[in-house]
Amino acid sequence: MNITFEVKMTEKIMYNFLLHHAYNSVSVLIGNVFGILVAALGLTMIAEDAGKGFMYLLLGVVVIIYTPVSLYLSSKRQIKSSEVFREPITYTISEEGLASSQKGTTTEAGWDSMVKVVSTSKSIIVYTGKNRATILPKDAMGDQYENVVQMISTHVAPSKVKIRS
């Protein structure tokens, strides 16, 4: 059975991917904990010294919102600057693996090359390397979503698959 669907990458899908990727890294989590602690310190200091308290609070808020704002801007930049995202990509999932076709060129990845498969609220992300991922938006799959999940779950080791419904 082959499952075929077309993807037109959008800023929204890219932003969702970048958020997932960033918030699953230790450095971003540590930065957010630091931001929360600094903001909390600022709140406790406001009664004693409003100026210092406000500055700490402001610094904490800036640290917390920096990542999502920078990722949003990055998603916009990537979509506009990448030739790959200008044209739709056709994905075919089969017994052999995942194939992508665009402008007459086809690239294939066998099931054994898949390092990890995860889901976000908007996509399934198939990692074929540490810095190589294929983003499969749920909206593009439509009513084939369950079939895609079933195909992945059948061919990729369970320890590598983290797909939430």
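This write-up is about the structure you can find in this document.

Cut-offs used in this document
- Residues numbered from 1 in each chain as written.
- Predicted model: local features only at pLDDT ≥ 70, side-chain atom pairs only at ≥ 80, totals over all residues.
- Heavy atoms only, no water.
- Salt bridge = Lys/Arg side-chain N within 4 Å of Asp/Glu carboxyl O.
- Helix = DSSP H or I, 4+ residues; strand = E, 2+ residues; numbered from the N terminus.
- Buried < 20%, exposed > 50% of the residue type's maximum accessible area, 1.4 Å probe, protein only.
- Axes fitted to C-alpha atoms, helices over the stretch in contact; angles between N-to-C directions.
- Parallel < 35°, antiparallel > 145°, perpendicular 65-115°, else oblique.
- Left-handed = near helix turned anticlockwise from the far one by under 90°.
- Contact = heavy atoms within 4.5 Å.
- Nonpolar A, V, L, I, M, F, W, Y, C, P; charged D, E, K, R; others polar.
- Phe/Tyr/Trp six-rings, centres within 6.5 Å; stacked < 30°, edge-to-face > 60°.
- Lys NZ or Arg CZ within 6 Å of the ring centre and 35° of its normal.
- Pairing = 2+ DSSP bridges.

Here we come to the pattern of salt bridges. Under the criterion given, the structure shown has two salt bridges. Lysine 76 is the salt-bridge partner of glutamate 11, the closest N and O atoms lying 3.4 Å from each other. Placement of the pair is glutamate 11 in helix 1 (residues 11-23) and lysine 76 in helix 3 (residues 50-81), with a sequence separation of 65 residues. Residue classification places glutamate 11 among the partly exposed residues on the basis of a relative accessible area of 26%. In this structure, glutamate 83 engages arginine 86 in a salt bridge whose closest nitrogen and oxygen atoms are separated by 3.6 Å. On the accessibility criterion, arginine 86 (43% relative accessible area) is partly exposed.

At a minimum axis separation of 7 Å, helix 2 (residues 26-45) and helix 3 run at an interaxial angle of 160°. Regarding the angle of helix 2 to helix 3, the classification is roughly antiparallel. Crossing angle aside, the handedness with which helix 2 passes helix 3 is left-handed. Residues Val28, Gly31, Asn32, Phe34, Gly35, Ile36, Val38, Ala39, Leu41, Gly42, Leu43 and Met45 of helix 2 touch helix 3, and the partners they reach there are Ala50, Lys52, Gly53, Tyr56, Leu57, Leu59, Gly60, Val63, Ile64 and Thr67. Its residues assigned to classes, the contact of helix 2 with helix 3 comprises 14 nonpolar, seven polar and one charged.

Its identity as a non-glycine residue notwithstanding, lysine 103 has a phi of 50°, on the positive side. Take lysine 103: its relative accessible area is 63%, and that puts it in the exposed class.

On to the packing of aromatic side chains. Evaluated as defined, the whole model comprises two aromatic pairs. When the ring of phenylalanine 5 is compared with that of tyrosine 91, the centres are 6.1 Å apart and the planes differ by 40°; the resulting orientation is tilted. Of the two residues, phenylalanine 5 sits in strand 1 (residues 3-7) while tyrosine 91 sits in strand 2 (residues 89-93), which places them 86 residues apart along the sequence. In terms of burial, phenylalanine 5 and tyrosine 91 fall into one category: buried. The cationic tip of lysine 116 hangs over the ring face of tyrosine 127; the distance from NZ or CZ to the ring centre is 4.8 Å.

Below, the discussion takes up the sheet that holds strand 4 (residues 105-110). Here four strands make up an open sheet; going across it, the order is 1-2-3-4 and the pairing antiparallel. If you trace the sheet from one side to the other, it starts and ends with strand 1 and strand 4, each paired once. If you compare each strand with its neighbour and ignore which way they point, the axes differ by 20° on average. Here four bridges tie strand 2 to strand 3 (residues 97-102), and the two strands are oriented antiparallel to one another. Its bridge partner lying in strand 3, threonine 90 is registered against serine 101. Each of strand 1 and strand 2 is contacted by helix 5 (residues 145-155), which is oriented at about 115° to strand 1, the strand it contacts most.

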